[in-house]
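Given next are the chains, with one letter for each unit.
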Amino acid sequence: MSSSTGRTTIDVGADGVAIITIINPPVNSLSFDVLYSLKETCEQALGRDDVKAIVITGAKGKFSGGFDISAFGKIQNKTIQAPKPGFVSLDILSDVVASAKKPFVAAVDGLALGGGLEVAMACHARVSTPNAQLGLPELQLGIIPGFGGTQALPRLVGIAKALEMMLTSKPVKGEEALNLGLVDAVASPNELLTTARQWALDILVLKRPWVISYYKTDKLESLGEAREILKFARAQTRKRAPNLMHPLVCIDVIEEGVVSGARAGLWKEAEAFQSLLESDTCKSLVHFFFAQRGTTKVPGVTDLGLKPRNIKKVAILGGGLMGSGIATALILSNYQVILKEVNDKFLQAGISRVKANLQSRVKKGQMSLEKFEKTLSLLKGVLDYESFRDVDMVIEAVIENVSLKQQIFSDLEKFCPPHCILASNTSTIDLNLIGEKIKSQDRIIGAHFFSPAHVMPLLEIVRTQKTSPQMIVDLLDVGKKIKKTPVVVGNCTGFAVNRVFFPYTQASLLLVERGADVYKIDRAISKFGMPMGPFRLIDLVGFGVAIATGGQFVLNFPERTYKSMLVPLMHKDNRAGETSRKGFYVYDDKRKANPDPEIKKYIEKAREISGATVDPKLTKLSDKDIVEMIFFPVVNEACRVLAEGIVVKAADLDVSAVMGMGFPPYRGGLMFWADSLGSKYIYSRLEEWSNSYGGLFKPCSYLAERAAKGAPLSLTVFPAKSRL
C-alpha cells in the first residue's frame, strides 16, 4: 500500500487505442501519486491526435483495490494535505473521463473495489473477467464511497441493488455484474484487453452505446418508488446499526442525486466524504483495519526468515463441540483430518456434528452437494493412534482435565513423527503443566479457537518460553489458510481474551448484588454495541462453563476477583442457561429470551452469603456508568496483560476483543476506545470505585503510571518483560 511506487503508464497501439495502466503493487491502490498521474495520462491521451479511444486497466491482473487506506491516517493526523473536496469525483472522473470527447472503457480483472470500481464506473463501458470482484466496501471504514460511487452505482444497477451493495459492503463477481448491468461484457483474462479495445473502437463509430453513467436514468426507480426504497433502507439501518451515522449519510447522498441530479449528488458526496473522514468512527475502523493486518508480525519470530512448512494432515483429539468445529474449519480449507475419540458412540456423534455444520452451509446455498461430499471425504474417524504416524499437526480438544491432557501428550510423543506440531485447544490450563511429562517442549503450542470454532474468526496462538519459532510460523500460516485472524499470545491463566474479559462478568455480578438490575445492565451493554449483555452471555455459554472458568480466575487472582455465589446458586437449582431453557432469562421454543422475575430470590440469597448490601447509587446508574463500571476493570486487566508482555502490542488486544468477544469494531477495539477516553479519566474512576467496592476495581501500576503522565495506554514506553 506504499504510495511511493504508485503511477500510471500510457501505451498507444497501432489501432489508435491508448492503454492506461494503474501500477501500485500489490493491489494497485489509488494513492495520491496514482490519482495525479491518472489525471495527467487521461488528459495526455485526450490531447493526442494518434489516440482515438482509451482503455483503463490495472497491472498484473488486478484493476484496483481502491483508495490507499494508509493515506486516511495521514490526512487525519495532518501529515499530508487532502485535496479539495470533489478533486477525484468531479475534477478527474466526471469532468475529464466521463465528459471526454473520446470513449473510455475499463478492462477489469482481479478486483475493482472502492475507488477502483468508481474509476471503472466513470468510463463509458466496462469489460470484466468472470471472476473479478466488483464492490464498494467503503462503509467498513466508516466513510462512504467518495469518488462518485453513490451516484454512478444506482444508475447502473438500480437503487435497491446499489443500496444492498454499499450497505453490506459485499462485492459481486463479473458474471453477476453483467446480469446487473454493472459491466457490459465478460471476457476471459487472455481476451480482456482485446475485447475492451474493440469495445472502445465500436463506441467511437457508434456501434455500441456511448453512456455516461452519471446521467443514465433507465435503471432508476420512479421518484415515489425510490423514496419508499430509501425510507425502508433507513429504517433497517437504524435497527441494525443504531450507533452508526455514516450508513444514513450514504442513503442521504444517494437521495440527493436521485432528487436533484447527479451533479448535486456528487457535490453532496464530496462534502460528506470529507467530514466523515474526520469522524471517530472512521478513525476507529481505519485503526482496526491495520491492527487486523498487523497480528501476523511478531518480533523475534516472523522476522527470522523462517518459511512455513507444508501442513497437509491434521489429527484432532475429541469430537465434542470444539473438536468438531475445528475439524469443520480445517476440512473446509482442504486439510486432511483424522478425528480420534475414545469409543465408537462418541466418534459417530463427532462426525455427525461435522456433517451438520456442513449441511447448514448446503441449506444456506453456500455449498453444493458435490462440494459437501468432497469436503466430508477429507475427514476420517479413528479410535486409536495408529494413523497418527504421518500427521503434521495434532490439536487436542478434550475436556479441561490436567492429568488426562498430560497422558494424551505422552501418547502423542510416542506415536507422532518428530516434526509434528503438538497443539492444545485448552482455554484455561497452563501449557507448561500439560506438557510437563514430555521431552518435546519446543513443539508444544496452544491453538485456542473460540466457539463455534468453524464460525468465530479469532485464533489465539499460545506460546511457552520453549515453543520454537518454527511452530508459531507454521500455525500462523494454518490460521490464515483456514480464514482465521491469528493473534500470538503468551502463556498465562486465560491467555489474552478470557483473562482480559474475566472482570466483565465479575463486575456485572458485583453491580447486581449491590442493587443494579440484571436486565438494565444487559440493555446498556448491548446498546454500547456488544452482541449481547454479560448475563445473556452467561446463559449462552452455560452455567457449568461459567463456574469452571470463573473458578480458575478466583484461584489465580484472588486479590482482584469478586466471589459471587449467584451463578452456583442458580445452577444448583437446575438453571444451566439457554440449554435448560432457564438461566438469567427464560427461553421459549424459538430460543427467544424473556426476563424472569424469579431471579430476584437468587440475588437476595447471594447477597446474604457475600454480605453485600444494596447501594442506592448503584440502583439508579446511567447507561454510561454501567458501561464504564463493567469495561474499565476489563481495560485495567488488559493493561496488566500488556505490562507482563503476554501480548506483543496493544493493537493485538483490540483485535482479540473485537473478534473473540464481539467488542464493537467501530470503537476501534478495547485499548483504542480506552485511549479515546484517556488514562487519567479511567484511573480516577477506578480509584474511586476501588475505595467503595474493593480490589476488582484497583488500578494496576501500568495504568497508574500512564495516568500520572497523561500517556496513552497503548503506548508501551518500557520494553515489557515478554512472556512470549
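Residues numbered from 1 in each chain as written. Predicted model: local features only at pLDDT ≥ 70, side-chain atom pairs only at ≥ 80, totals over all residues. Heavy atoms only, no water.

### Digging into the pairing of strand 14 (residues 421-424)
Convention followed: With a 1.4 Å probe rolled over the protein chains alone, any residue whose accessible area is under 20% of its type maximum counts as buried; one over 50% counts as exposed, and the rest are partly exposed. Where helices and strands are cited, they refer to DSSP runs of H or I of at least four residues and of E of at least two residues respectively, numbered from the N terminus. In this scheme, strands are said to pair when DSSP sees at least two bridges between them. The crossover handedness rule: strands pointing away from the viewer, path from first strand over the helix to second strand clockwise, crossover right-handed.
Residues Ile421 and Ala423 of strand 14 are buried on one face, and the alternating residues Leu422 and Ser424, pointing to the opposite face, are buried as well. Taken together, the four bridges between strand 13 (residues 393-396) and strand 14 define a ladder with parallel strand orientation. Within the sheet, the bridge partner assigned to Ile395 lies in strand 14 and is Ala423. At this point the chain moves from strand 13, through helix 16 (residues 402-415), to the parallel strand 14, and the crossover so formed is right-handed.

### Here's the deal with the sheet that holds strand 1 (residues 7-12)
Our working definition: The criterion used for residue contact is that any of the two residues' heavy atoms lie within 4.5 Å. Whenever a helix is involved, its axis is fitted only over the stretch in contact; in every case the axis is a line through C-alpha atoms, and angles between N-to-C directions fall within 0 to 180 degrees.
Read from one edge to the other, the open sheet built from six strands follows the order 1-2-3-4-6-9, with strand pairing classed as mixed. What marks the edges here is a single partner per strand, and that holds for strand 1 and strand 9 (185-186). In the packing of helix 1 (residues 32-47) onto the sheet, the strands contacted are strand 1, strand 2 (17-23), strand 3 (53-58) and strand 4 (104-108), and the crossing angle to strand 1 comes to about 20 degrees.

### A few points about the sheet that holds strand 14
Read across the sheet, eight strands follow the order 12-11-10-13-14-15-16-17 without closing on themselves; strand pairing throughout is mixed. Single-partner strands in this sheet number two, and they are strand 12 (379-382) and strand 17 (485-490). The average angle at which neighbouring strand axes cross in this sheet is 25 degrees, direction not considered. Helix 13 (residues 321-332) contacts strand 10 (313-317), strand 11 (336-340), strand 12, strand 13 and strand 15 (444-449) of the sheet and is inclined by roughly 170 degrees relative to strand 10.

### Observations concerning the confidence of the model for the chain
Defined as follows: One confidence number per residue, pLDDT, is output by the predictor and ranges from 0 to 100.
For the chain, per-residue confidence averages 94 on the pLDDT scale, and 98% of positions sit at 70 or higher. Within the model, pLDDT remains below 50 along residues 718-724, and this stretch shows 28 contacts once partners closer than five positions in the same chain are excluded.

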